[in-house]
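Notes for the structure review
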Amino acid sequence: MSLATETQAATDEVAKLAGAQAAQADTERRVSPDVIRAVVDAGFARWRVPSRWGGAERSHKELTAAVARLGEECPSTAWLASVAAYAARYVACLPEQGQADVWAEGPDTLAAIVFKPLGKADEVEGGFRLSGSWTYVSGVDHFDWALLTGPAPGPDSGGQPMRLFAVPRRDYTYEDTWTSLGMRGTGSHTLVLDDVFVPAHRVCLREDAMRGAMVGHPGHTQLSNPAVSGLMFVAPVLGAARGALGIAQQLVAVAPTGPRAAAGQPYQVDFARAAGEIDAAQLLLERAAAVADGDAVPPELANRNRRDCALALEMLVAATDRLLRIGGTRAQDDAHPMQRYWRDVRSVASHAVMQFEPAGLAYTLGLQGLVGPT
């Protein structure tokens, strides 16, 4: 059996398990430990870990397809699997001793990521003392490490540059604050640190992490954040939209009756348009993944990836909106999976870094040799 076939089979098994528990994860606002273990066993945590640390170094193309497959059954599980896989990119930007700390138990270590600068960092001998709260930390109750960005900008930062800090699970607590409309199962609660010492070897400049400056891995393609972050965010949404499409296909196969009878053909047209939008979004993501898998990613292609992922997300939102309309009032019932997919898609679409306007500006200005918004 080929590696691709084995991966597909393992991913399908995780998807089956996650799908069976998707409604429960949504209600309890937490993907179960059994599903998280299955995600790890299927190789998502080690997917992008460098081979020198025992990782798989699998492609972004394969990762995008695998995450989307999970998203068809449970978008929250897909989101956590995506975070787990892409975290390795940022861990690899730490000093080598920091990487050794994180991957001391092997390449299947789960790490959460927070890009927004929060908290307070005081420089002390040998490192930093870190305090504060970091919101929206997906998987905080399951993961082994957290990669936190700080300090918060402003007068309390002391003029320090933003850094990325790697903190083990034993050093932080969390507050149950995740009551979002969608992606409820991600458990994206608030992480809390109280005067925690972080040694210098577990710290790097945020700017270095954003430009993909991996340490101790010569020959690896340097991938800036615009080149890859959209894939991490949007692949789960592609799966969610496909899940909604599968439900809608069953709905349009039955001719509506009563007041909805006249809407039969318009719903069929809506279905076709939504299917086309989902296919188009997939093609954009596949091209972006192919760029990330290349030997070099110049700024213009990184900006195009950022644009394409943001545009793909807009297409998936539009498609899922159409599919919810096909379902009518019944699809909005708490027990109906269509509304869950719709909520999950809308939740990701609200993320600040996935808005099309800054991505579009960065792309256009980049073509003119100017620096766009980050």
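Right above here is the structure, for reference.
My aim in this report is to walk through the structure given alongside it, one point at a time. If you're wondering where the values come from, they're calculated on a predicted model, not measured in any experiment. (Residues numbered from 1 in each chain as written. Predicted model: local features only at pLDDT ≥ 70, side-chain atom pairs only at ≥ 80, totals over all residues. Heavy atoms only, no water.)

1. Some points on the nonpolar core
Definition in use: Here, nonpolar core refers to any group of buried Ala, Val, Leu, Ile, Met, Phe, Trp, Tyr and Cys residues whose side-chain atoms link them within 4.5 Å. Accessibility here uses a 1.4 Å probe with only protein chains present; expressed as a share of the type maximum, an area under 20% marks a residue as buried, one over 50% as exposed, and anything in between as partly exposed. Helix numbers and strand numbers start at the N terminus; a helix is a DSSP run of H or I with at least 4 residues, a strand a run of E with at least 2. The contact rule is simple, with two residues in contact once any of their heavy atoms fall within 4.5 Å.
Grouped together as the largest cluster of nonpolar side chains are 121 residues, with contacts concentrated most on Phe44, Trp134, Leu191, Leu193, Val234, Leu323 and Met338. If one sorts the elements of this core by residue count, helix H8 (residues 225-252) sits on top with 17 residues. Setting aside anything within four residues of it in sequence, one finds Met338 in contact with Ala244, Ile247, Ala248, Leu251, Leu323, Leu324 and Ala331.

2. A look at helix H4 (residues 60-73)
The line we're drawing: Every helix has an expected span of 1.5 Å times one less than the residues it contains.
In this model, H4 (14 residues) spans 21 Å end to end at C-alpha, consistent with the 20 Å of a helix rising 1.5 Å per residue. For H4, every residue scored as buried is listed here: His60, Leu63, Thr64, Ala66, Val67, Ala68, Leu70 and Gly71.

3. Side note on the side chain of His217
We count it as follows: Counted as a polar contact is a pair of N or O atoms within 3.5 Å, where, for protein atoms, one must be capable of donating a hydrogen and the other of accepting one, and residues adjacent in sequence contribute only when both atoms are in side chains.
Assignment of secondary structure puts His217 in the loop between helix H7 (206-210) and H8. There is a polar contact of 2.8 Å between the side chain of His217 and the side chain of Gln99. With near-sequence residues (within four places) excluded, His217 lies in contact with Pro50, Arg52, Trp53, Ala92 and Gln99.

4. Describing the environment of Gly98
Topologically, Gly98 is positioned in helix H6 (residues 96-102). Linking Gly98 and Glu314, residues 216 residues apart in sequence, is a C-alpha distance of 38 Å. Among residues more than four places away in sequence, those in contact with Gly98 are His201 and Arg202.

5. As for the sheet that holds strand E5 (residues 163-168)
Quick note on the threshold: Pairing between two strands is assigned when DSSP locates at least 2 bridges connecting them. Axis definition: a line fitted to C-alpha atoms, limited for helices to the stretch in contact. Angles are taken between N-to-C directions and run from 0 to 180 degrees.
Read from one edge of the open sheet, four strands run E1-E4-E5-E8, paired in mixed fashion. Strands at the two margins of the open sheet, each flanked by one partner only, are strand E1 (111-113) and strand E8 (203-205). Strand-to-strand twist in this sheet, taken as the mean axis angle between neighbours without regard to direction, amounts to 25 degrees. Pairing analysis gives three bridges linking E5 to E8, with the strands arranged antiparallel. Residue Phe165 lies in a different strand from E8, and its bridge partner there is Val203. Relative to the sheet, helix H5 (residues 75-91) contacts E1, strand E4 (145-150) and E5, its axis offset from that of E1 by approximately 80 degrees.

All we've got here are geometric facts, nothing functional implied.
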